[in-house]
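# Structural features, examined
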Amino acid sequence: TATEVGRRVYQSATMLLRDLDRLKSIPKDGEEPSGILRLGLPQVVADVALFDIAMSMKAEFPTLDLKCRTDWSTGLQLELASGQLDAAALMLPTGSAQPTGIRAQFIATLDVLVVQSKRNPIAPRCSRIAELAEHEWILNPLGCGYRAALQRAMEGVGKHLRMGVDMHGTETQLRLVAAGLGLGLAPRSLLERSNHVQDLSVVEVLDFSLKIDIWLAHAVELGNLQRALDVLNRSMQKAFSVDSAIT
């Protein structure tokens, strides 16, 4: 009969052989995804899509671990290029060239809206960017593409951006905007999901519009993570497919 030591040796050898099989499958595109998928998302994309991504991955590939981090697109692109991430969602101004040095698939275009309190409006429903520069804004910290585009537009008409609240977290930002504490920026897709959508109204800006493209970028060689990337792509496409009317 096998001794206790013998059983332990057999169990360890079985585990080593199983791990060896997994290692052999990593370079093969069609194999079952295994190991870790290192994913980077801008916070806005995470707010909209991360739950669906995580649930879809777990349902399709129970043995694949999803490791996700959030950052601005510029930082995520650098991490992807250096091999620290397998895939990342990038938010770029509409019309920008596709990211170089990596592969990328177009996901959606976000219509970014200026919003204010419906109950306590502080700006005319139809305004120009110079008029909006007279009010305080509730926006993301420096590094946010929305904020940078708004600031450039104001500087283009000789004005400056007046910050009221500088913070992360779109939902809290929208709550403050709904209370009448300032103007805000948010993608239509995120507004549609917000708990505060009924308390917000859209300001039509006659001389400013902002659209952002979402790209799913990834390493050139993915090995057995290719099928996971396909699921990731479908999950993101579905998450950003809703574009409700908000007035």
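The coordinates are above.
Residues numbered from 1 in each chain as written. Predicted model: local features only at pLDDT ≥ 70, side-chain atom pairs only at ≥ 80, totals over all residues. Heavy atoms only, no water.

## Considerations on the pattern of salt bridges
In plain terms, the rule: Counted as salt bridges are all cases of a side-chain nitrogen of Lys or Arg within 4 Å of a carboxyl oxygen of Asp or Glu. Under the scheme used here, helices are H or I runs from DSSP no shorter than 4 residues and strands are E runs no shorter than 2 residues, and both carry numbers assigned from the N terminus. Partly exposed residues are those whose accessible area sits between 20% and 50% of the maximum for their type, while under 20% is buried and over 50% is exposed, using a 1.4 Å probe and protein chains only.
Inspection of the entire model under this criterion finds nine salt bridges. The residue Glu79 makes a salt bridge to Arg69 at a minimum N-O spacing of 3.1 Å. Taken as a pair, Glu79 in helix H3 (residues 73–81) and Arg69 in strand S2 (residues 64–70) lie far apart in primary sequence, ten residues in all. The exposure class of Glu79 is buried, given its relative accessible area of 13%. A salt bridge links Asp111 to Lys211; the nearest nitrogen and oxygen atoms lie 3.6 Å apart. Placement of the pair is Asp111 in strand S4 (residues 103–117) and Lys211 in strand S10 (residues 210–218), with a sequence separation of 100 residues. It is possible to trace a salt-bridge network through shared partners that takes in Arg69, Asp71 and Glu79.

## Points about the pairing of S10
Basically, it comes down to this: Two strands are said to pair when DSSP picks up at least two bridges between them.
The buried fraction of S10 is high, at eight of nine residues. Here seven bridges tie strand S3 (residues 87–93) to S10, and the two strands are oriented antiparallel to one another. The residue of S10 that forms the bridge with Ala87 is His218. Relative to S10, S4 is paired through nine bridges, and the arrangement is antiparallel. Counterpart to Val112 in the pairing with S10 is Leu210.

## Points about the environment of Leu190
To be explicit about the condition: In what follows, residue pairs with any heavy atoms lying within 4.5 Å of each other are defined as contacts.
Along the chain, Leu190 turns up in helix H7 (residues 188–193). Residue classification places Leu190 among the buried residues on the basis of a relative accessible area of 8%. Through-space distance from the C-alpha of Leu190 to that of Val44 is 7.8 Å; in sequence the pair is 146 residues apart. Not counting the four nearest positions on each side in its chain, Leu190 is found in contact with Val44, Asp47, Val48 and Thr170.

## Quick word on the pairing of strand S6 (residues 136–139)
Using the following cut-off: We call a crossover right-handed when, viewed with the strands running away from us, the connection from the first strand over the helix to the second turns clockwise.
As judged from the four bridges shared by S6 and strand S7 (residues 162–166), these two strands associate in the parallel manner. Within S7, the position partnered with Ile138 by the bridge is Val165. This β-α-β element, S6 to helix H5 (residues 145–156) to S7, shows right-handed connectivity.

## A look at the nonpolar core
Here is the rule we go by: The term nonpolar core refers to a set of buried residues drawn from Ala, Val, Leu, Ile, Met, Phe, Trp, Tyr and Cys, joined through side-chain atoms within 4.5 Å.
Ranked by internal contacts, the top residues of the largest apolar core, which has 51 residues, are Trp137 and Tyr146. Among residues more than four places away in sequence, those in contact with Tyr146 are Val44, Met91, Leu110, Val112, Leu185, Pro187, Leu210 and Ile212.

## Quick look at the packing of helix H2 (residues 43–60) against helix H8 (residues 226–239)
Keep this limit in mind: An axis is simply a line fitted to the C-alpha atoms; with a helix, the fit covers only the stretch in contact. Between two such axes, the angle follows the N-to-C directions and lies from 0 to 180 degrees. Roughly parallel covers angles under 35 degrees, roughly antiparallel covers those over 145, roughly perpendicular covers 65 to 115, and oblique covers all other angles. Crossing handedness is read from the near helix: turned anticlockwise from the far helix by less than a right angle, it gives a left-handed crossing, and turned clockwise, a right-handed one. Under this grouping Gly is polar, as are all residues other than the nonpolar Ala, Val, Leu, Ile, Met, Phe, Trp, Tyr, Cys and Pro and the charged Asp, Glu, Lys and Arg.
For the pair H2 and H8, interaxial distance at closest approach is 9 Å and the crossing angle is 140°. Classed by the angle they form, the pair H2 and H8 counts as oblique. Classified by chirality, the crossing of H8 by H2 is right-handed. Side by side, H2 and H8 meet where Val45, Val48, Ala49, Asp52, Ile53, Ser56, Met57 and Glu60 of the first sit next to Ala228, Val231, Leu232, Ser235, Met236 and Ala239 of the second. When the residues that make up the contact of H2 with H8 are grouped by side-chain class, the tally is ten nonpolar, two polar and two charged.

## Regarding H2
Our working definition: What a helix should span is 1.5 Å times the count of its residues minus one. Note on bend: the value at a residue is the angle between axes fitted to the seven residues ending there and to the seven starting there.
With 18 residues, H2 should cover 26 Å at 1.5 Å per step; its first-to-last C-alpha distance of 24 Å lies within 8% of that length. By the largest-angle criterion, Ala49 marks the main kink of H2, which is about 60°.

## Topic: the packing of aromatic side chains
Spelled out, the test is: Stacked, tilted and edge-to-face pairs are distinguished by plane angle, under 30 degrees for stacked and over 60 for edge-to-face with tilted covering the rest, among Phe, Tyr and Trp rings (Trp via its six-membered ring) whose centres lie within 6.5 Å.
Tallied over the full model, the rule gives one aromatic pair. Ring geometry for Phe106 versus Trp215: centroids 5.8 Å apart, planes at 75°, classification edge-to-face. Of this pair, Phe106 sits in strand S4 while Trp215 sits in strand S10, and the two are 109 residues apart along the sequence.

## Topic: the environment of Glu155
For Glu155, the location among the structural elements is in helix H5. Taking relative accessible area as the criterion, Glu155 reaches 44% and is therefore assigned partly exposed. With 22 residues separating them in the primary sequence, Glu155 and Ala133 have C-alpha atoms 9.5 Å apart.

It is worth stressing that arrangement in space is one thing and function is another; only the former is reported here.
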